[in-house]
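# Structural description and commentary
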Amino acid sequence: MAQLLYRFLLYVAGQYGLTGLMQPNEHLILTIFAALALACCLFGFYVYRGAVSGLAFVCTALAGSLWIWPVWGQQAAVTFSAVLGVVFAFLSFRWYRPGSMALCAAIAGSGAYLAATQCGASTAAALILTALACAGAGVLTFFFPFRSVCAFTALWGAAAFCEEGWRLWSVLPGPGSAASVVLAVILAAAGVGCQLFLFRGQKLFPAAKPRRKR
């Protein structure tokens, strides 16, 4: 999961000729990803709005490089990405309910795509599975936003940490091993429980079962 996010950011940076700034620091970036993944696993509900804002900015920059640059040139693309990127980042932070749906859909879709490709599925099958996972996660988050955000951020954080956590501590198992899978399951369960407990008094979303007034 961390590698997929890194490759996405590397691709966007490459569109603007910034690959040279990221590739020499790949180990450091992935180490930071591992630390952020652990924080996301345990405190994902607290940081998910910032994550959505960051992704909105990066996606706007990608749109600028793909659509604006070929038509109006580099300067227009950079201006588009800088101005509208900040605008969309701000709006996505304020519109936290659609942002929660988009984030959970992205996590579910990326996980489904990785699982399909690792199982040797065809490109068409992987894309169909990804679309179904995105749609299912979006609908689930629409009806149960608080619990879905806690669950999906904990799952992503656990998977990403077990993928790159060895960069923080060499004792941790490497990615793909049975021990890393067991650790990911334990971390995900602990992350969901931690978030549901820590943020049980949150005010963003209505409670699934409102407390009865005495």
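Scroll up for the structure.
What comes next is a walk through the structure.

### Observations regarding the pattern of salt bridges
The full count for this structure, using the stated rule, is one salt bridge. The partner of glutamate 164 in a salt bridge is arginine 167, with the nearest N and O atoms 2.4 Å apart. Exposure remark for arginine 167: the relative accessible area of 18% places this residue in the buried category.

### A few points about the packing of aromatic side chains
Under the defined criterion, the tally for this structure stands at eight aromatic pairs. A ring pair is formed by phenylalanine 45 and phenylalanine 146, whose centres lie 5.0 Å apart and whose planes are at 90°; its orientation type is edge-to-face. In this pair, phenylalanine 45 sits in helix 3 (residues 26–72) while phenylalanine 146 sits in helix 7 (residues 145–164), placing the two residues 101 residues apart along the sequence. An identical accessibility class is assigned to phenylalanine 45 and phenylalanine 146; each is buried. With a centroid separation of 5.6 Å and 75° between ring planes, the pair formed by tyrosine 96 and phenylalanine 205 is classed as edge-to-face.

### Considerations on the packing of helix 3 against helix 8 (residues 178–198)
At a minimum axis separation of 6 Å, helix 3 and helix 8 run at an interaxial angle of 30°. What the angle tells us is that helix 3 and helix 8 run roughly parallel. Along this stretch, helix 3 crosses helix 8, giving a crossing that reads as right-handed. The segment helix 3 lies against helix 8, with Leu38, Cys40, Cys41, Leu42, Phe43, Gly44 and Phe45 engaging Leu187, Ala188, Gly191, Cys194, Gln195 and Leu198. Looking at the contact of helix 3 with helix 8, its residues break down into ten nonpolar, three polar and no charged.

### Points about the packing of helix 3 against helix 7
Running from amino to carboxyl end, helix 3 crosses helix 7 at an angle of 165°, the nearest separation of the two axes being 8 Å. As summarised for this structure, helix 3 and helix 7 are arranged roughly antiparallel, according to the angle between their axes. Helix 3 and helix 7 meet at a crossing whose hand is left-handed. Note on element contacts: helix 7 touches helix 3 through Phe146, Val149, Cys150, Thr153, Ala154, Trp156, Gly157, Ala158, Ala160, Phe161 and Glu164, opposite Leu30, Ala34, Ala37, Leu38, Cys40, Cys41, Gly44, Phe45 and Tyr48.

Parameters at a glance
Residues numbered from 1 in each chain as written. Predicted model: local features only at pLDDT ≥ 70, side-chain atom pairs only at ≥ 80, totals over all residues. Heavy atoms only, no water. Salt bridge = Lys/Arg side-chain N within 4 Å of Asp/Glu carboxyl O. Buried < 20%, exposed > 50% of the residue type's maximum accessible area, 1.4 Å probe, protein only. Phe/Tyr/Trp six-rings, centres within 6.5 Å; stacked < 30°, edge-to-face > 60°. Helix = DSSP H or I, 4+ residues; strand = E, 2+ residues; numbered from the N terminus. Axes fitted to C-alpha atoms, helices over the stretch in contact; angles between N-to-C directions. Parallel < 35°, antiparallel > 145°, perpendicular 65-115°, else oblique. Left-handed = near helix turned anticlockwise from the far one by under 90°. Contact = heavy atoms within 4.5 Å. Nonpolar A, V, L, I, M, F, W, Y, C, P; charged D, E, K, R; others polar.

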